Amino acid sequence: MSDYALELLSISCTFHSKDDPGQRYTAVADTTLRIRAGEFVSVVGPTGCGKSTLLNVGAGLLEPSSGIVKVFGQTLEGINTRAGYMFQTEALMPWRSAVDNVMVGLQYRGVPDAEAREQAEAWLSRVGLSGFGDRYPHQLSGGMRKRVALAQTLVLDPDIILMDEPFSALDVQTRQLMENEVLDLWSAKKKAVLFITHDLDEAIAMSDRVVVLSAGPATHPIGEFAIDLARPRDVAEVRTQPRFVELHTQIWEVLRDEVLKGYAQQLRKAA
Ligand SMILES: Nc1ncnc2c1ncn2[C@@H]1O[C@H](COP(=O)(O)OP(=O)(O)OP(=O)(O)O)[C@@H](O)[C@H]1O
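Because the structure is a prediction, the values reported are computed rather than measured.

Colleague: Can you help me understand the sheet that holds strand S2 (residues 24-36) in this one?
Modeller: Sheets are built from strands that pair by backbone hydrogen bonding, the pairs being arranged parallel or antiparallel. Within the open sheet, the four strands sit side by side as S2-S1-S4-S5. Their pairing is antiparallel. Either end of the sheet is taken by a strand with one partner, and the two such strands are S2 and strand S5 (74-75). The sheet contact formed by strand S1 (residues 4-16) and strand S4 (residues 66-71) spans five bridges and is antiparallel. Looking at the pairing, Glu7 lines up with Lys70 of S4. Strands in contact with helix H1 (residues 51-59) are S1, S2 and S4; relative to S1, the strand with the most contacts, it is inclined by about 120°.

Colleague: Would you mind going over the site of the ligand with me for this structure?
Modeller: Surrounding the ligand, one finds 16 residues, the nearest of these being Gly48, Gly50, Lys51, Ser52 and Thr53. Here an oxygen atom of the ligand sits 2.7 Å away from a polar atom, N or O, in the side chain of Lys51. A distance of 2.5 Å is found between an oxygen atom of the ligand and a side-chain nitrogen or oxygen belonging to Thr53. Protein burial of the ligand: of its 640 Å² of free accessible surface, 73% is covered by the chains. At the level of secondary structure, the elements contributing two or more residues to the shell around the ligand comprise S1, S2 and H1.

Reading the values: the criteria
Residues numbered from 1 in each chain as written. Predicted model: local features only at pLDDT ≥ 70, side-chain atom pairs only at ≥ 80, totals over all residues. Heavy atoms only, no water. Pairing = 2+ DSSP bridges. Helix = DSSP H or I, 4+ residues; strand = E, 2+ residues; numbered from the N terminus. Contact = heavy atoms within 4.5 Å. Axes fitted to C-alpha atoms, helices over the stretch in contact; angles between N-to-C directions. Near = heavy atom within 4 Å. Polar contact = N/O pair within 3.5 Å; in protein donor to acceptor, adjacent residues only side chain to side chain. Areas by Shrake-Rupley, 256 points an atom, 1.4 Å probe, with all protein chains shown as cover.

So, in structure tokens, the structure goes:
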């Protein structure tokens, strides 16, 4: 069996330009990214560089223009059924209660209702929401809705977890609580995680490895750093460690110019 849970091999993604449909825009060029089973990998890069595009390719939601995706050594065709996703935007169905939202994926898989409900209740309590199962999304805080979304992803017991800036809309304290909860859950189950974020502190605090992407167009990895901080980690505490500061300085050295390029591009687009 392959050591790797997910491999993106020489991936390129070209789109019709949003500004000028006659033109092609290469968002991602010749990018290879491998994630071992049980490994937590973060990808950081400037706004609009192609992070979500890569995640969508790994999820099987977007077919790359060239390159292949392998899942546990098998070439991926169609949706990646070994992966669960958690996106930046709310994915909860407002007309379903929290427990109904969590159990919906199991129901799609044909799990009988009573069993699906029992598993959903168990996951809600694991993410600190026991007793909240009958609340509707609008009756929950932003942090609670993220917990429901997390339970919704994890109840399906995916071998690969794909997260696209899942906590960016949360306040700093709630975000740190959620980050610690994700680390606790991850260390208990050791799934492969591909975590997309803008936030270098978050990437270092959570990951085994941080991959830095260049600014677009033709985004590709320009640096890769092993995060040798001891686990278990508390995301707030780990930031005060000298090794964290050292890693931050090293990675920021690579990321800074790309962020400035990305920012300049955003300004040009807005002009
Ligand atoms: N379907 C599409 N059609 C045309 N262009 C696209 C499409 N999807 C993405 N792009 C372009 O590809 C580039 C990368 O987009 P992507 O959303 O992957 O970046 P990102 O790094 O995730 O951005 P952010 O940090 O803002 O979330 C952007 O310039 C975007 O406009």
